[in-house]
Amino acid sequence: MERGLLWLPLLFGFFGLAWAGWNEYQKLESYRSWAKNFDNAKYDIYAVLAHKGCEITWGKPTRKAPVNLQTFSLQDVAKICLLVNECPIDEENLPQKGAPVLEFCLTHSERSIKIPFTEIELAAKWRKYLEKVKNE
C-alpha cells in the first residue's frame, strides 16, 4: 500500500502531461484549418498571425479556433518595430533571451498593435517579411 501511495503522484503527473499534450495538439489542429485561407501564417503559444494580401490577422489560439481575432491593413502601418522586453533592439545583434513583440505603429492612430512571439529570431524574420510585403 505504501508503494501505491508513492506512485500515485507520478500517475497524476503523467495524466496531467497527457492532457496538456492533447490540449496543445487540439490548438495546432484548429490553427491548421484556420491558416489554410492565408498566404503565410505562424503559430505559437502566445498568438497566431496570418498574412493575406495587405491584411494582417492575429489572435489567441484555442482548441476550437483562434479567438480575439483582429485584422488591420499594412497600408495603415507607419512602421514595424521589434521589441524585446519592451525595448527596441538592433536586429544585427539579436539578444539570446527576452520577451519578443512585434509592434505595429499605425498612421491614423496613436495606439499601436503588439503581437507577442516566443522566439526572438522568428519575430525578426516576420518583421523583415512584413516590411518587404509592405514596401511592395
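Residues numbered from 1 in each chain as written. Predicted model: local features only at pLDDT ≥ 70, side-chain atom pairs only at ≥ 80, totals over all residues. Heavy atoms only, no water.

(A) Highlighting the packing of aromatic side chains. Throughout the structure, instances matching the rule amount to seven aromatic pairs. With a centroid separation of 5.3 Å and 45° between ring planes, the pair formed by Tyr-31 and Tyr-43 is classed as tilted. Taken together, the residues span a long stretch of sequence, with Tyr-31 in helix H1 (residues 2–35) and Tyr-43 in strand S1 (residues 40–43) at a distance of 12 residues. Overall, Tyr-31 belongs to the buried group, its relative accessible area being 12%. Taken together, Tyr-31, Trp-34, Phe-38 and Tyr-43 form an aromatic cluster joined through their ring pairs. (Phe/Tyr/Trp six-rings, centres within 6.5 Å; stacked < 30°, edge-to-face > 60°. Helix = DSSP H or I, 4+ residues; strand = E, 2+ residues; numbered from the N terminus. Buried < 20%, exposed > 50% of the residue type's maximum accessible area, 1.4 Å probe, protein only.)

(B) Main features of the side chain of Arg-127. Mapping Arg-127 onto the fold places it in helix H2 (residues 120–135). Given a relative accessible area of 16%, Arg-127 falls into the buried group.

(C) Structural view of the pairing of strand S3 (residues 55–60). Strand direction decides the pairing type here: strand S2 (residues 48–52) and S3, joined by five bridges, are antiparallel. Each residue of the ladder has a partner; that of Leu-49, found in S3, is Trp-58. Remark: six residues form the turn of the hairpin made by S3 and strand S4 (residues 67–73), two consecutive strands paired antiparallel. (Pairing = 2+ DSSP bridges.)

(D) Fine view of the pattern of salt bridges. Taken as a whole and assessed by the stated rule, the structure comprises five salt bridges. Across the pair Asp-44 and Lys-42 runs a salt bridge, and its minimum N-O distance is 2.8 Å. Residue Asp-44 is classed as buried on the basis of its relative accessible area of 6%. As a salt-bridge pair, Arg-127 and Glu-131 come within 3.2 Å of each other at their nearest N and O atoms. (Salt bridge = Lys/Arg side-chain N within 4 Å of Asp/Glu carboxyl O.)

(E) View of H1. Given a rise of 1.5 Å per residue, 34 residues ought to cover 50 Å, and the 51 Å separating the end C-alpha atoms of H1 matches this to within 8%. At Leu-8, H1 is deflected by roughly 30°, the largest bend along its length, and proline Pro-9 occurs up to four residues later in sequence. The complete set of buried residues in H1 reads Asn-23, Lys-27, Ser-30, Tyr-31, Trp-34 and Ala-35. Summarising the contacts, the buried residues of H1 are in contact with S1, S2, S3 and S4. (Expected span 1.5 Å × (residues − 1). Bend = angle between axes of the 7 residues up to and from the residue. Contact = heavy atoms within 4.5 Å.)

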